[in-house]
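So you can see what is in the structure, the chains are spelled out below.
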Amino acid sequence: MTRTDELIAQAERWGAHNYAPLELVLTRGEGAHVWDVEGRRYVDLLSAYSAVGQGHCHPRIVGALIEQARRLTLSSRAFHNDRMGEMLERLAGLTGFAKVLPMNTGAEAVETAIKAMRRWGYEHKGVADDTAEIIVAAGNFHGRTTTIVGFSDEPAYRRGFGPPTPGFVRVPFGDAAALAAAIGPRTVGVLLEPIQGEAGVIIPPDGYLTAARRACAAARVLLCLDEIQTGLGRTGAMFAWQHEGARPDLLVLGKALSGGVYPVSCLCADDEVMGVFTPGSHGSTYGGNPLAAAACVAALDVIVDEGLVERSARLGAHVLARLRAELRSPEIAEVRGRGLMVAVEYRQPVARDVAHALAAAGVLAKETRGVTIRLMPPLVIDPADLDAALDVAIPVLDRR
Ligand SMILES: *Cc1c(COP(=O)(O)O)cnc(C)c1O
């Protein structure tokens, strides 16, 4: 039995089987590379679903985390701590919103946004108590809590977890007319991913976000964008909404907010929306803790100081150009992407086989929804490493 077999057997023996990981066991990471327990090196083209945008174990982020861990890790919100304010100020400055509410996981921040939109609807729009509706998109992925999976249309996410929380209406993604038509007197918000990540990097038609923005403003409905995956440079802009200038009323961030060293998420909004939260109405033991704040500030510094947004735009265009020029297989239905958020979609559900073959060749990527391979390298990846990874990956992706 290899070390890999032993470790996988241990995890499967004792762990819930709520994931189906590829059969390799990682033990170390640095920048765009990871190593498994057998000493094999891989180029990481998944980046923990974009959470490791700054690269694995970025020394500046790890350094900030270690230094803070020696001083104070958790104060709870029963008291102030000397790191949280700096994180909130930095996030407000970066996003252009007046207020920030820190949480831990992405799903929690989405739940925070749902609570904010509902209470805003009752307090500011005059919607009758407990009747608010939020419009969501088909193919959405916003996390795994009971409320969130209740408005998913992916059977694997929702089957057996009902009854679904009421108050959500689903419309086709990318169809601005359908979205506008679904808005009614009880609609308080629209919750969208600017580009759907888990659904397979689904990019809506140009003008969709602008039209959604306009429809929401006209009907006095809040637009909430979940940029947990698309935000912080992934799509070649700091935030994907900036591609269309469709500034949301609520912005949800997570994943790369800490560069992959610690769970940090947040909701950003202006005063009217964030003002619905009063003491006791929301919270989290770990939300806004000093360790999270230290990691978050360092993670944001890295994005800005290393020019990762511009890098994502430039390298992403290069990846897309190479894939479009070099992939020829008739099995491939489409290659698409924005910045370093790229996908290869197949006509048949072969993506899991492709992911296995890529890993065997030293390139890590993951299939999503059976037909799509998502390519999302750390934004810090060296261009030469990226090209070397593509040299290896392209014949595999092309099923040669
Ligand atoms: C990953 C993700 C989430 C959920 O984040 P967790 O930290 O796993 O709870 C929500 N929305 C989007 C768009 C995501 O990509």
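For the structure itself, look to the data block above.
Analysis parameters
- Residues numbered from 1 in each chain as written.
- Predicted model: local features only at pLDDT ≥ 70, side-chain atom pairs only at ≥ 80, totals over all residues.
- Heavy atoms only, no water.
- Helix = DSSP H or I, 4+ residues; strand = E, 2+ residues; numbered from the N terminus.
- Contact = heavy atoms within 4.5 Å.
- Buried < 20%, exposed > 50% of the residue type's maximum accessible area, 1.4 Å probe, protein only.
- Pairing = 2+ DSSP bridges.
- Axes fitted to C-alpha atoms, helices over the stretch in contact; angles between N-to-C directions.
- Parallel < 35°, antiparallel > 145°, perpendicular 65-115°, else oblique.
- Left-handed = near helix turned anticlockwise from the far one by under 90°.
- Nonpolar A, V, L, I, M, F, W, Y, C, P; charged D, E, K, R; others polar.
- Polar contact = N/O pair within 3.5 Å; in protein donor to acceptor, adjacent residues only side chain to side chain.
- 1 Å grid on protein atoms, 1.4 Å probe; cavity = no way out; pocket = protein on both sides within 12 Å on 5 of 7 lines; lining within 4 Å.
- Points joined across faces, edges and corners; volume = space filled by probe spheres on them.
- Core = buried A, V, L, I, M, F, W, Y, C linked by side-chain atoms within 4.5 Å.
- Domains from an automatic or database assignment.
- Salt bridge = Lys/Arg side-chain N within 4 Å of Asp/Glu carboxyl O.

Engineer: Please explain the environment of G260 as it appears in this structure.
Structural biologist: By the element assignment, G260 lies in the loop between strand 9 (250-253) and strand 10 (265-269). Placed 211 residues apart in sequence, G260 and Y49 show a C-alpha to C-alpha distance of 10.0 Å. Once residues lying within four places of it in the same chain are set aside, the contact partners of G260 are A51, V52 and K255.

Engineer: Would you mind going over the pairing of strand 2 (residues 33-36) with me for this structure?
Structural biologist: Regular strands show a simple pattern: their side chains alternate between the two faces of the sheet. Here strand 2 shows no split at all, with H33 and W35 on one side and V34 and D36 on the other all buried. Of the pairings in the sheet, the one linking strand 1 (residues 26-30) to strand 2 comprises four bridges and is antiparallel in character. Pairing of G29 across the sheet is with V34, part of strand 2. In textbook terms, the turn of a hairpin is the stretch between consecutive antiparallel strands, and for strand 1 and strand 2 this stretch comprises two residues, one of which, G31, has a positive phi near 60 degrees.

Engineer: Help me understand the packing of helix 12 (residues 308-326) against helix 14 (residues 383-397), please; the structure alone is not making it clear to me.
Structural biologist: The description of two helices packed together rests on the angle between their axes and the distance between the axes. Packing of helix 12 against helix 14 leaves a shortest axis separation of 11 Å and a crossing angle of 30 degrees. Relative to helix 14, helix 12 is oriented roughly parallel. As for how helix 12 packs across helix 14, the hand of that crossing is right-handed. The residues of helix 14 that touch helix 12, namely those facing R311, L315, H318, V319, R322, L323 and E326, are P383, L386, D387, L390, D391, I394 and L397. Here the residues of the contact of helix 12 with helix 14 are counted per class, giving eight nonpolar, one polar and five charged.

Engineer: Even after reading the chapter, I still don't get the side chain of E198, so can you show me in this structure?
Structural biologist: Within the secondary structure, E198 sits in the loop between strand 7 (187-192) and helix 9 (208-219). There is a polar contact of 2.8 Å between the side chain of E198 and the side chain of R374.

Engineer: When you look at the layout of surface pockets in this model, what are you seeing that I'm missing?
Structural biologist: Over the atoms rolls a probe the size of a water molecule, and in doing so it shows where empty space is left. The space that makes up the second largest pocket amounts to roughly 350 Å³. Along the wall of the second largest pocket there are 17 residues; nearest its centre are R77, L101, F277, T278 and H282. If you tally residues by element for the lining of the second largest pocket, the top one is strand 4 (residues 99-103), at five residues. A breakdown of the residues in the lining of the second largest pocket according to their chemical character gives eight nonpolar, seven polar and two charged.

Engineer: Whenever I open this one, the nonpolar core confuses me. Can you help?
Structural biologist: Most often, soluble globular proteins have nonpolar side chains that are buried together. L192, L323, I373 and L397 are the most contacted members of the largest nonpolar core, which has 90 residues in total. Among the elements that make up this core, the one with the highest residue count is helix 11 (residues 290-305) (11 residues). Of the residues that make up this core, three or more belong to each of domain 1 (3-54 + 307-397) and domain 2 (60-305). Those residues in contact with I373 that lie beyond four places of it in its chain are V342, A343, V344, Y346, A351, V354, A355, L358, A365, K366, E367 and L397. Of all hydrophobic cores here, the second largest spans 30 residues; its members include I134, I148, V188 and L222.

Engineer: What's the story with the sheet that holds strand 2 in this structure? I'm lost.
Structural biologist: Note: strands within a sheet are paired through backbone hydrogen bonds, in either parallel or antiparallel orientation. Read from one edge of the open sheet, four strands run 1-2-3-13, paired in mixed fashion. The open sheet terminates on both sides in strands that have one partner only, identified here as strand 1 and strand 13 (363-364).

Engineer: Can you walk me through the sheet that holds strand 15 (residues 372-375) in this structure?
Structural biologist: If you trace the four strands from one edge of the open sheet to the other, you get 11-12-15-14, paired in antiparallel fashion. On the outer flanks of this sheet lie strand 11 (332-338) and strand 14 (366-368), each paired with one strand and no other. On average, adjacent strands in this sheet sit at an angle of 25 degrees to one another, irrespective of strand direction. Here strand 14 runs beside strand 15; their pairing, made up of three bridges, is antiparallel. By the bridge assignment, E367 is partnered in strand 15 with I373. This element, helix 12, spans strand 11, strand 12 (341-346) and strand 15 of the sheet and lies at about 165 degrees to strand 11.

Engineer: It is not clear to me how empty space enclosed by the protein should be interpreted in this structure. Could you clarify?
Structural biologist: Evaluated as defined, the whole model comprises one cavity of 30 Å³ or more. Taken as a whole, the largest cavity encloses approximately 60 Å³ of empty space. Along the lines of polarity and charge, the residues of the lining of the largest cavity split into seven nonpolar, one polar and three charged.

Engineer: Can you walk me through the pattern of salt bridges in this structure?
Structural biologist: Proximity of charged atoms lets side chains of opposite charge pair with each other. Tallied over the entire structure, the rule returns 26 salt bridges. R186 is the salt-bridge partner of E133, the closest N and O atoms lying 3.0 Å from each other. Here the residue E133 occupies a position in strand 5 (residues 133-137), and R186 occupies one in the loop between helix 8 (176-182) and strand 7, the gap between them amounting to 53 residues. Residue D387 pairs with R322 through a salt bridge whose shortest N-O separation is 2.9 Å. Taken together, the residues D387 in helix 14 and R322 in helix 12 connect sequence positions 65 residues apart. Exposure remark for D387: the relative accessible area of 24% places this residue in the partly exposed category. When salt bridges that share partners are traced, they join R60, R90, D301 and D305 into one network.

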